[in-house]
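Next come the chains, spelled out residue by residue.
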Amino acid sequence: MRFDSPAGQNPIDQMKVVGRPHDRIDGPGKTTGTAPYAYERHDVVANQAYGHILGAGIAKGRIRSMDLRAARAASGVIAILTHENAGRLDKGRMNVARLLGGPEVEHYHQAIALVVAESFEQARAASQLIRVEYDRAAGQFDLHAARRAGVPPAQEDKRVGDFDRGFAEAAVRLDETYATPDESHAMMEPHATIAAWQGDRLTVWLSNQMIAWTAGDLAKTLRIPKENVRLISPFIGGGFGAKLFLRADTLLAVLGARLAGRPVKVALQRPLIANNTTHRAATIQRIRLGATRDGRLTAIGHESWSGNLEGGDPEDAVQQTTLLYAAAHRLTGTRLARLDLPEGNAMRAPGETPGLMALEIAMDEMAEKLGLDPVQFRILNDTQTDPGNAQRRFSQRQLVECLRVGAERFGWNRRQARPGQQRDGRWMVGMGMSVGFRNNLLMKSAARVRLDGRGVVTIESDMTDIGTGSYTIMAQTAAEMMGVGMDRVTVRLGDSSLPVSAGSGGQWGANNATAGVYAACVKLREAVARRAGLDPAEAVFADGMVRAGNTSRPLAELAGAEGLVGEDAIEYGDIAERVQQSTFAGHFVEVGVDMATAETRVRRMLAVCAAGRILNPKSARSQVIGAMTMGVGGALMEELAVDTRHGFFVNHDLAGYEVPVHADIPHQDVVFLDEVDPTSSPMKAKGVGELGLCGVGAAVANAIYNATGVRVRDYPITLDKLLARMPEVA
Amino acid sequence: MRPFTYERAASPAEAAAAAARNPEARFIAGGTNLLDLMKLRIEAPAHLIDVNHLGLDRIEETPEGGLRIGAMVRNTDLAAHAKVRRDYAVLTRALVAGASGQLRNKATTAGNLLQRTRCPYFYDTDMACNKRSPGAGCAAIGGFTRHHAVLGTSDACIATHPSDMAVALRVLDASVETVKADGTTRSIPMADFHRLPGDTPHVETALEQGELITAVTLPPPAGGVQLYRKVRDRASYAFALVSVAAIVQRDGSGRVALGGVAHKPWRLEAAEAELKRGAKPASDSLLAGARPTPHNEFKLRLAERAIASVLAEGRN
């Protein structure tokens, strides 16, 4: 199905099933332990051996020697994989560093060996006996030092109007620099794989967000046909972008299985994850804002510095700045330093997350300079068109409504404009807000829908559910389209033998994958109608029946013993170029800051979101509150600490890399504004899973400023950055 | 993890004797720290002596009016004990500020005292560490040291002791009772139990090879207002940046010990003599001679402010 003009009325608009807060259909499986994760697939293939990965102990250089003798002699060891016996390997399109290092080492904890043994404990014990000698090479590990030395633009700057003149002539100016640290996805389930070869055919059970990408990159790396590779990933314990790509657990399990001659399972050990896998790269951002005295922005400049390995991309922290606020003169650009730290890549809302953490503090600072309320300042600078192209409108833009509703609900009018004025016992209390913004991305997505003789509809797609609710919203879509109850729908996901979906990433999964189901259901409805001798255009599907005129037939009967099948993909024309599709939020946060210790604790949070049709308010709310929690982590505690001498992330386990715990998150509210966006797909939906994170960090930062009068521009806002400027303790 | 043999000791003295015979033996109690370290091969004992079943899990009143806490009393049970809550509130407060409910259910009194540092360089076997490998050097010094010690450090080690409980025991003037391999017993004051790193940071306590902790004794209740303030980056389940254990008396006198700042709970009786003059003179004395790094210099200001806040709370 080609989608290149706004959707008209369609069966989804009935909203009998779609838009309802249906419980997760995979929930009982998850809560009873019967929805197995990759490492738990003990029953899928016999004779599984265990692999344990050895990560490189240096950041850059070469392996001089590896002494495997003790490891080989250890009990239970079956095989040891290294670059010397791995065979000739290519590299995946999506990979920057090689997943099996050696003799060259490209980053700390790059995998350099896999020990395969009869038990996990034996594999681990043996891997600890491998002695590696290295020739270390000098590397660049310090983004701040690299920036001082000069970093070229990653691509040409985007300019609108004349920024330099516009900024120079502005009556009120702000020019500040902000920093965000490297961050780790820290999802609960580590990367894990079971790999089994049958001749030249390979089956892989894994935890992965993008099945088709990963199947392609695995085949390319192994230099075998993609058809020979089957990936199965029905349940995933969180990803946040860490599982978008082929990673070392999968490649090494596959190579280990080939070497050992039997199936091998591998989970990436937690202490390796921070340095072995991808992470959100640190940024340094310079923001310049110019405004008229009455608060209209005239110039917006946003430059971002980040680093990556050779061949890696910049963290695009400026992308929202091209679209978010009106101003005639604009400059945005990214600068990319070559660093020898592990690969920077997508983590939940890449770009906007660090970008808004900086931009929305700058907006708070500018509002204060102008003597304007931060909400009013943003409303004043709203735009309904692309600031770079006045002809191009936003498909929907309810940012102002998000802010107004949010301010009302949160009690924003009780905020003291002057910071440091409100006390509650030993706590200094403050409120902050920010704008959330994230684009809606359109991606081709296919599905197959079967109808059987019992009237059961089965959806088949390689779509993944990383804890988001894909199973449930896809089932709701099919139930709505086919006029059956949710109990009549089953969903099979995460299998590369099934039609290729959009996958899970970039908050594109919900809208595109359900639109793919919609397209397949249109085909199935046609097949059903034809079999009933009805005009598909006239046919109404409801209550397990198809009806037109005086004719009414049960779906089960029409499907018969052989069943009926519909398969199609949603494909998009240039609609996303003609109108700008984005999602919007207003984030409001209240914090308390301990007067003595400067510990910040969030007291309450609110997000008001406008993101098209909300397919399931319950799972959408879960996405948003989870994202808000992640935003609190980014604001207050998350930081991969770089050792710039040795070139690695030091705090590489969950004791050292702190993320919020329950006690950090006392109260969260989420409001979804009524919205349908006919330009996004027949579902008229957009993503929310990343929107919920975008801007949260700055709202926390602004609340801390309001509480204390201390402005911190360097995340995370830990107490040491506040302490020196806190009031005297009585 | 290195393969190991295992035995259940029959009595505390026999456990001590067995450990003295085998320099590669370790006692195992709750295992909440030792097993993690064994999995990473930071600890690699050849033999484990299980001391969980020796009747060391009781809390009894002493003839002097104090408490004798068996070495195997779980942190949860100790924190919940009625007399501890009433008369040694700083201990309950410190215990419940540590770890998680699940860990406290398993962790023991003796094991808590013997837990190793959480220095990330200690945990990364590709980094040099004088604790893991005496003489190897210290990768932490000059590295990421936000959590490290500011007092009592040496050029060999800047690690902290991570326990909350130990800080409360120090301020309560507790003693550690032990049995040695030859069956003799002794009592070690908390002040002398943990050592500063010096040139031998791998030697963390006053215990001799094989010496087994059998109990921790508390003297009669000290009275006063007993507070424990743990300062950390998140609200729960995090190690202290700085913690303050305090007993504040009506007359303004009291005791103060710090956690998160040194290789042992940090208390100076001389500093307490300043308390009646105010928080600032006392903390100045307590923090004198500090050697912070650029990453952890904030701990001095933080400790000073936390002490002031706790004393103010105690006097209210």
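Residues numbered from 1 in each chain as written. Chains lettered and ligands numbered in written order. Predicted model: local features only at pLDDT ≥ 70, side-chain atom pairs only at ≥ 80, totals over all residues. Heavy atoms only, no water.

### Points about the sheet that holds strand β9 (residues 225-231) of chain B
All names here are of chain B.
Here's step 1: As summarised here, the arrangement of the three strands in space is β9-β10-β11, forming an open sheet in which the pairing is antiparallel. Two strands in the sheet have a free side with no partner beyond their single neighbour: β9 and β11 (254-259). For this sheet, the mean inter-axis angle between neighbouring strands, taken without regard to orientation, is 10 degrees.
Here's step 2: In the packing of helix α5 (residues 89-96) onto the sheet, the strands contacted are β9 and β10 (242-248), and the crossing angle to β9 comes to about 20 degrees. (Pairing = 2+ DSSP bridges. Helix = DSSP H or I, 4+ residues; strand = E, 2+ residues; numbered from the N terminus. Axes fitted to C-alpha atoms, helices over the stretch in contact; angles between N-to-C directions. Contact = heavy atoms within 4.5 Å.)

### Describing the UniProt feature "domain: FAD-binding PCMH-type" (unreviewed entry) in chain B
Here's step 1: Residues given the UniProt feature "domain: FAD-binding PCMH-type" (unreviewed entry) here are residues 1-223 of chain B.
Here's step 2: Helix makes up 28% of residues 1-223 of chain B and strand 16%. Its end C-alpha atoms lie 46 Å apart. (UniProt positions renumbered as here; feature names shortened; annotations may be inferred.)

### So, the nonpolar core
Here's step 1: A:L289, A:L297, A:V591, A:L722, B:V244 and B:L258 are the most contacted members of the largest nonpolar core, which totals 114 residues.
Here's step 2: Per-element tally for this core: the top contributor is helix α9 (residues 352-370) of chain A, with 10 residues.
Here's step 3: The contact partners of A:L289, leaving out residues within four places of it in the chain, are A:F167, A:V172, A:R173, A:L174, A:L297, A:A299, A:I300, A:A362, A:M363 and A:M366.
Here's step 4: Core analysis: the next-biggest nonpolar cluster, separate from the first, contains 54 residues, A:A7, A:A527, A:V528 and A:A529 among them. (Core = buried A, V, L, I, M, F, W, Y, C linked by side-chain atoms within 4.5 Å. Buried < 20%, exposed > 50% of the residue type's maximum accessible area, 1.4 Å probe, protein only.)

### Observations concerning the layout of surface pockets
Here's step 1: Within this model, the second largest pocket holds a volume of roughly 840 Å³.
Here's step 2: Taken together, 37 residues form the lining of the second largest pocket, with A:H144, A:E639, A:A641, A:V642 and B:H295 sitting closest to its centre.
Here's step 3: Every element with two or more residues in the lining of the second largest pocket is listed here: α4 (143-149), β9 (172-180), β15 (297-308) and β30 (642-643) of chain A.
Here's step 4: Of the residues in the lining of the second largest pocket, the class split is 16 nonpolar, 12 polar and nine charged. (1 Å grid on protein atoms, 1.4 Å probe; cavity = no way out; pocket = protein on both sides within 12 Å on 5 of 7 lines; lining within 4 Å. Points joined across faces, edges and corners; volume = space filled by probe spheres on them. Nonpolar A, V, L, I, M, F, W, Y, C, P; charged D, E, K, R; others polar.)

### Thoughts on helix α13 (residues 298-315) of chain B
Residue and element names in this part refer to chain B.
Here's step 1: In this model, α13 (18 residues) spans 26 Å end to end at C-alpha, consistent with the 26 Å of a helix rising 1.5 Å per residue.
Here's step 2: Those residues of α13 that fall on the buried side of the exposure criterion are F298, K299, L302, A303, R305, A306, I307, A308, S309, V310, L311 and G314.
Here's step 3: Against the buried residues of α13 lie β9, β10, β11 and α12 (279-286). (Expected span 1.5 Å × (residues − 1).)

### Details of the sheet that holds strand β13 (residues 264-267) of chain A
Residues and elements named next belong to chain A.
Here's step 1: Pairing within the open sheet is mixed, and its seven strands lie in the order β4-β6-β2-β13-β10-β11-β12. Bordering the open sheet on either side are β4 (77-81) and β12 (229-232), each of which pairs with just one other strand. Direction aside, neighbouring strands of the sheet carry axes that sit 20 degrees apart on average.
Here's step 2: Here strand β11 (residues 201-206) pairs with β12 via four bridges, running parallel. Looking across to β12, one finds that V204 is bridged to L231.

### Re the domain arrangement of chain A
Residue and element names in this part refer to chain A.
Here's step 1: Considered domain by domain, chain A is made up of domain 1 (2-35 + 442-577) and domain 2 (393-440 + 581-723).
Here's step 2: Computed from C-alpha coordinates alone, the two centres of domain 1 and domain 2 are separated by 34 Å.
Here's step 3: Opposite the 35 residues of domain 1 that make contact, domain 2 presents 28 residues.
Here's step 4: Summed over both sides, the interface between domain 1 and domain 2 buries roughly 2300 Å², with carbon and sulfur atoms accounting for 54% of that surface.
Here's step 5: D13 is the partner of R613 in a salt bridge, and the nearest nitrogen-oxygen pair spans 2.7 Å.
Here's step 6: Inspection of the region where domain 1 meets domain 2 yields 19 residue pairs in polar contact (both at pLDDT 80 or more).
Here's step 7: Put simply, the parts of the chain that give the side of domain 1 that touches domain 2 at least two residues each are α12 (470-482), α13 (509-532), β27 (564-572) and α15 (575-578).
Here's step 8: Considering every element that reaches the side of domain 1 that touches domain 2, the biggest residue donor is α13, with five residues.
Here's step 9: Of the residues contributing to the side of domain 1 that touches domain 2, the split by class is 16 nonpolar, 15 polar and four charged. (Domains from an automatic or database assignment. Buried area = accessible area lost by both parts, 1.4 Å probe. Salt bridge = Lys/Arg side-chain N within 4 Å of Asp/Glu carboxyl O. Polar contact = N/O pair within 3.5 Å; in protein donor to acceptor, adjacent residues only side chain to side chain.)

### A word on the interface of chain A and chain B
Here's step 1: Contact with chain A, which involves 41 residues of that partner, is made by 34 residues of chain B.
Here's step 2: Together chain A and chain B conceal approximately 3100 Å² of surface at their shared face, both sides included; 54% is due to carbon and sulfur atoms.
Here's step 3: Summed over the shared surface of chain A and chain B, the number is three salt bridges.
Here's step 4: B:R146 serves as the salt-bridge partner of A:D720, at 2.9 Å between the closest nitrogen and oxygen.
Here's step 5: For the interface between chain A and chain B, the tally reads 19 residue pairs in polar contact (both at pLDDT 80 or more).
Here's step 6: Partitioning the side of chain A that touches chain B into residue classes produces 22 nonpolar, eight polar and 11 charged.

### A few points about the packing of aromatic side chains
Here's step 1: In the structure shown here, the tally under the stated rule is 12 aromatic pairs over all chains.
Here's step 2: The rings of A:Y108, A:F648 and B:Y121 are connected pair by pair, giving a single aromatic cluster. (Phe/Tyr/Trp six-rings, centres within 6.5 Å; stacked < 30°, edge-to-face > 60°.)

### Quick look at unusual backbone geometry
Here's step 1: Geometrically, the link from A:G102 to A:P103 is a cis peptide bond, its omega value of -5 degrees lying close to zero.
Here's step 2: For A:P103, the position within the fold is in the loop between β4 and β5 (104-105).
Here's step 3: Within the chain, A:F240 stands out as a residue other than glycine whose phi angle is a positive 55 degrees.
Here's step 4: Mapped onto the secondary structure, A:F240 falls in the loop between β12 and α7 (248-260).
Here's step 5: Residue class for A:F240 comes out partly exposed when judged on its relative accessible area of 27%.
Here's step 6: Of note in this structure, B:D173 is not a glycine but carries a positive phi near 60 degrees.
Here's step 7: In this fold, B:D173 is placed in the loop between α9 (165-171) and β6 (175-179).
Here's step 8: Overall, the relative accessible area of 34% leaves B:D173 in the partly exposed class.

### A few points about the UniProt feature "domain: Aldehyde oxidase/xanthine dehydrogenase a/b hammerhead" (unreviewed entry) in chain A
Here's step 1: Feature annotation in UniProt assigns "domain: Aldehyde oxidase/xanthine dehydrogenase a/b hammerhead" (unreviewed entry) to the following positions: residues 32-138 of chain A.
Here's step 2: Structurally, residues 32-138 of chain A is divided into 12% helix and 32% strand, and its ends, taken at the C-alpha atoms, are 51 Å apart.

### Quick look at the packing of α12(B) against α13(B)
Residue and element names in this part refer to chain B.
Here's step 1: Look at α12 against α13: their axes get within 9 Å of each other, and the N-to-C directions meet at 140 degrees. Taken as axis vectors, α12 and α13 run oblique relative to one another. You can see that α12 and α13 cross each other, and the crossing is right-handed. In this structure, α12 contributes A279, K280, S283, D284 and L286 to the contact, and α13 contributes E304, I307, A308 and L311.
Here's step 2: The class makeup of the residues in the contact of α12 with α13 is five nonpolar, one polar and three charged. (Parallel < 35°, antiparallel > 145°, perpendicular 65-115°, else oblique. Left-handed = near helix turned anticlockwise from the far one by under 90°.)

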